[in-house]
Amino acid sequence: MSWADPPAAKIDFEAWNAAFRLVPDPFPAPGGGTGPRPEYLATPRCFVELEGDSRLRSLRFDNSLAALRLWSFLLSENDRLAAARRSGLKIVGTLKDLGTVPLIAYAAPGAVAFYPDGAWWIPCVMEMSEGLLRIADAAGFGDEVCPVRAALAAFLNRAHFPIPDLLIAAVGACCDDMSCLMQRLADLDVPLLWWEIPYRRGTAGPEAVAFVAGQLDRVRRAVGDLVGRTVTDDMLSDVIVRANRIRALLRRIRDLAYGVTPAPFPALEAQIVEMLALHFCSDLEECGRVLEHVASTLEARAAAGEGVLAADACRVVWVNPVADLRAMNLFEDLGGALAGTEYLFRHALVPIPEDRPPLAALAETALRDPMTGPAEERAALVVAEAVRYKAEGVIVSAVPGASHSATEGLVIRRRVTRDLDIPVCEITVPPLADASIGQLATRFEGFFEIIRGRREHA
Amino acid sequence: MISRHPDLRARAAGPAARAPDAWRAACSHVPREIADALGLAAARLVPPGTVASESRGEALSGAGACAWCKSGLGSDEADHPWIGAATCDQMRRALELAGRASGREALVVHAPKTRSAEAEDYFVAEVRWLAAAMEKAAGARLDPSELRRAIAVRNGIRARLRRFREGLTGADFSALVYLEARLPAGEMEAFLASFRPAPSRPTRAAGVPALLAGSPLAPADWPWLDELEEMGLPVVADATCTGDRAVDFAVEAPADEDPLGALARGYFRRPPCPFIRPNDEFYAYAAALARRRGARAVVWRSLRGCDIHALEPPRAERLLGLPLLALDMSCGDAASPRVRTRVEAFLEGLR
Ligand code: SF4
Ligand code: SF4
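This one's a predicted model, so the numbers in the text were calculated from it and none came from an experiment.

Basis of the calculations
Residues numbered from 1 in each chain as written. Chains lettered and ligands numbered in written order. Predicted model: local features only at pLDDT ≥ 70, side-chain atom pairs only at ≥ 80, totals over all residues. Heavy atoms only, no water. Helix = DSSP H or I, 4+ residues; strand = E, 2+ residues; numbered from the N terminus. Rg over C-alpha atoms; globule rule 2.2 N^0.38 Å. Buried < 20%, exposed > 50% of the residue type's maximum accessible area, 1.4 Å probe, protein only. Contact = heavy atoms within 4.5 Å. Areas by Shrake-Rupley, 256 points an atom, 1.4 Å probe, with all protein chains shown as cover. Pairing = 2+ DSSP bridges. Axes fitted to C-alpha atoms, helices over the stretch in contact; angles between N-to-C directions. Near = heavy atom within 4 Å. Nonpolar A, V, L, I, M, F, W, Y, C, P; charged D, E, K, R; others polar. Expected span 1.5 Å × (residues − 1). Core = buried A, V, L, I, M, F, W, Y, C linked by side-chain atoms within 4.5 Å. Right-handed = clockwise from strand over helix to strand, strands pointing away. Phe/Tyr/Trp six-rings, centres within 6.5 Å; stacked < 30°, edge-to-face > 60°. Lys NZ or Arg CZ within 6 Å of the ring centre and 35° of its normal.

Overview of the overall build of chain B
Item 1. Broken down by element type, chain B carries 16 helices and eight strands.
Item 2. What you see for chain B is a C-alpha radius of gyration of 19 Å, in line with the 20 Å of a compact globule of 351 residues.
Item 3. Along the first, second and third principal axes, the C-alpha set of chain B runs to 60 × 45 × 40 Å.
Item 4. Here chain B, with 351 residues, has 65% of them falling under the buried criterion.
Item 5. In chain B, of all internal contacts separated by at least 6 residues, the share reaching a separation of at least 24 is 75%.
Item 6. When the accessible surface of chain B is totalled, it reaches about 12600 Å², and 56% of it is carbon and sulfur.

Written out as structure tokens, the structure reads:
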């Protein structure tokens, strides 16, 4: 059978939920032909009713089959982790490094990895019904801490993800929020290994690379002990090649999503795509297939000149992930389009060198984490992104409570203004932004007016 | 009756070398022995801890920055080039901002968070980098024998400070620690040669002897420590980095070891800050200090915007095994009725 996506558009929750019932079986394979329907799409289900993900009701979604698959893949991760545990795989919970340690876990036969930090979004997705922020408050992590505090609560109430067999915690040049949260987790009854990634003054030198490679070697040995097998260099090299394929796909998708007008993919789905770089949503191979599907969908749309947003939308680089996903919808509804992002894990998107010992390659890549270097360098990444995708403005979405957000906005604003002379708008979006949606809308409208005004005078 | 040393306090909070090439060390992680040996001025930067300095610093950083960093950035001395360590996230970002403000990039070393032998070696490499950068600034080579001498002198100064501790109030001792951090080694030695403190308090403090921990103290906080003492909560032990912990160590530099490496190792091994991971070693130090000094309560004070200290009290209470008063304060809060009421209620509960 052949499948044709409807013309590109954004749809509301009802239409999106109904679309699950239309998922074809057999399933169209990218590049033609068909294959088995992915298991996570096999049983139509409502994530709102079954999982309590009630925020989905307020969102608008891309109407392609690829996007439906992407969402399903994302939202069904707990099923995969539970199945992994049932089948005897070891679960590694990796904290803060964003993109490096999971590769070591995937290289090990018999382990899967996920980021408990991802609980960041649970209060939003479940519209606070799960009470995680209340639990975090009671544990002393109030709203002076970034939304990642939900992860501490999820460990305390043990209701949101399987408790890992091993936690691997990256400290060093890390936000204070995670550093403190990880210290709390170390008090729990879960084995935890600390490793360190240092602050770098500029590009990491050989000493830093050697130090981090040594730290990652400890991680490798700990994961090997967990699964009862040595994780060899060959295993690591193999996983690096596989991860690089995913990273290449991500770059292809980013170029399409952020570089093509009209935008062929909405901001929300583009953000999910980028997040898959971190740990592949617990299934590296299927992650590749999901992204391939997205990429071919966007290529078809770009070739046909189809988009989900108006061609004259204001092109903006977005800095930092946003705690309430609805903010991304609002941004587009009011006339914005993403023209680049900097979500704090750029190092998970760049190719990992394949021509050197794998631990050194992983160390070098981990040291490109924008969190480990000067804020000025991160600001330069924002500028580069704006140039690459011809952005007309930058939105810095400060993460409420985050130690880096306290001062970073200022540095980014100065750099962008100095290098590009385009406007910068700083906002703060709480985990559930309903109460501030009017204020946020006013900020977006005002910002887009400035951008349009500059177009007229250009 | 508590006696004070106003002269000591005035000198400790007073101006340090103002020559334009004088450095400011933003953190006790920086081995100032290197500056001593090179003949460079590198007084510790004193965030005044005043509302005005915090507001000035906020304009240069952001509303969410910690009060300590804001006050440092807003101090009169912020225009000097800074030397510091990437301790917490806030501090390393403040160091970057300080470089912008002064027009001269701060020299920043990584302060390791883990306590492994590899982390220690890494710190040694970082200190070597710092020494090279300071040599460049001084236009001179670091002479190993000069460095050895500087290490011995600072060791001697710290040892004398420790001996004075028992006879001084918490505030006076903090002032003495500040003075050590502000003065070049020679001037500090000269000061100590004539320093004869009248016993400021009875050997056994009246009230409930307390361990102070949390964010560093600023000179503006000294009157608050006096007030604690007057209310019946004398600070007999101070685990902040502006109290006992700052001087409770000696650098061992055996003749057969390169003094720069030994210096870095000495600083790495000193009683650590709570930002290390895991931070058990900090608590082991603080608990032993509390025991040694007979502390029966803990005052844990965190400055607004500081996660590193503000998120610790539940653990601190458990690990130190003493009743704990957690205070979240901003610059200027020391004199606030809110804080006074909290202290009174805490003392009430202890009686
Ligand atoms: S959003 Fe920022 S503060 Fe929060 S966990 Fe991520 S890096 Fe840390
Ligand atoms: S430890 Fe706390 S008070 Fe000290 S610089 Fe860091 S955030 Fe500020």
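Some words on the sheet that holds strand β6 (residues 235-238) of chain B
All names here are of chain B.
Item 1. The sheet built from four strands is open, its strands ordered β6-β5-β7-β8 with parallel pairing. Both outer strands of the open sheet, β6 and β8 (324-329), are each paired with one neighbouring strand and no more. Within the sheet, the average angular offset between the axes of one strand and its neighbour, ignoring direction, is 25°.
Item 2. Bridging between strand β7 (residues 297-303) and β8 involves six bridges; their strand directions are parallel. Across the sheet, V298 pairs through a bridge with L324, a residue of β8.
Item 3. The sheet contacts of helix α10 (residues 222-231) involve β5 (210-214), β6, β7 and β8, and relative to β6 the element is tilted by about 130°.

So, the environment of P351(A)
Item 1. Take P351(A): it is sitting in the loop between β10 (336-342) and α15 (358-366).
Item 2. Residue contacts for P351(A): discarding those within four places in its chain leaves N244(A) and R251(A).

Points about the site of ligand 2
Item 1. What surrounds ligand 2 is the set C66(B), W68(B), C69(B), C88(B), Q90(B), S215(B), C306(B) and H309(B).
Item 2. Among the residues forming the shell around ligand 2, the class breakdown is five nonpolar, three polar and no charged.

Side note on helix α8 (residues 170-182) of chain B
Item 1. Taking 1.5 Å of rise per residue, 13 residues should cover 18 Å, and α8(B) covers 18 Å from first to last C-alpha, within 8% of that figure.
Item 2. Buried residues dominate α8(B), accounting for 13 of its 13 residues.

Regarding the nonpolar core
Item 1. In terms of nonpolar packing, the biggest core is built from 287 residues, with W16(A), L56(A), W318(A), I34(B), L176(B) and W224(B) touching the most fellow members.
Item 2. Those residues within four positions of L176(B) in sequence are excluded, and the remaining contacts are L8(B), L161(B), F164(B), L168(B), M188(B), F191(B), L192(B) and F195(B).
Item 3. Residues V236(B), A239(B), A316(B) and L320(B) belong to the second largest nonpolar core, which totals 19 residues.

Topic: the pairing of strand β6 (residues 111-114) of chain A
Working note: regular strand, side chains alternate between the two faces of the sheet.
Residue and element names in this part refer to chain A.
Item 1. Residues A111 and A113 point to one face of β6 and V112 and F114 to the other, with burial holding for every one of them.
Item 2. Where strand β5 (residues 90-95) and β6 come together, four bridges link them in parallel fashion. Bridging across to β6, G93 finds its partner in F114.
Item 3. The β-α-β motif built from β5, the intervening helix α5 (residues 101-107) and the parallel element β6 has right-handed crossover chirality.

Some details on the sheet that holds β6(A)
Residues and elements named next belong to chain A.
Item 1. The sheet built from four strands is open, its strands ordered β6-β5-β7-β8 with parallel pairing. At either margin of the open sheet sits one strand with a lone partner, and together these are β6 and β8 (192-197). Sheet twist, expressed as the average angle between the axes of neighbouring strands with direction ignored, equals 25°.
Item 2. Contacts between helix α10 (residues 206-227) and the sheet are confined to β5, β6, β7 (166-172) and β8, with β8 contributing the most and set at about 160° to the helix.

A closer look at the site of ligand 1
Item 1. Near ligand 1 you find K96(A), W120(A), C146(A), V148(A), C175(A), D177(A), M178(A), L344(A), V399(A), A402(A) and H404(A), and these make up its full shell.
Item 2. Taken together, the residues that form the shell around ligand 1 break down as eight nonpolar, one polar and two charged.

As for the packing of aromatic side chains
The geometry of an aromatic ring pair is captured by two quantities: the separation of the ring centres and the angle between the planes.
Item 1. Summed over the entire model, instances satisfying the criterion amount to 27 aromatic pairs over all chains.
Item 2. For the pair F61(A) and W71(A), a centre-to-centre distance of 5.2 Å together with 75° between the ring planes defines the contact as edge-to-face. With F61(A) in strand β4 (residues 61-62) and W71(A) in helix α3 (residues 65-75), this residue pair connects regions lying ten residues apart in the sequence. As far as burial versus exposure is concerned, F61(A) and W71(A) are alike and both buried.
Item 3. Between F123(B) and F268(B), the ring centres sit 6.4 Å apart and the planes meet at 40°, which makes this aromatic pair tilted. In this pair, F123(B) sits in helix α6 (residues 117-138) while F268(B) sits in helix α12 (residues 259-269), placing the two residues 145 residues apart along the sequence.
Item 4. Assessed through its relative accessible area of 1%, F123(B) is described here as buried.
Item 5. F268(B) sits in the buried class, given a relative accessible area of 7%.
Item 6. Positioned above the aromatic ring of F249(B) is the side chain of R158(B), whose terminal nitrogen or guanidinium carbon lies 4.1 Å from the ring centre.
Item 7. For R270(B), the ring lying beneath its charged end belongs to F249(B), and the centroid distance is 5.5 Å.

Treat this as a map of the structure, not an account of what it does.
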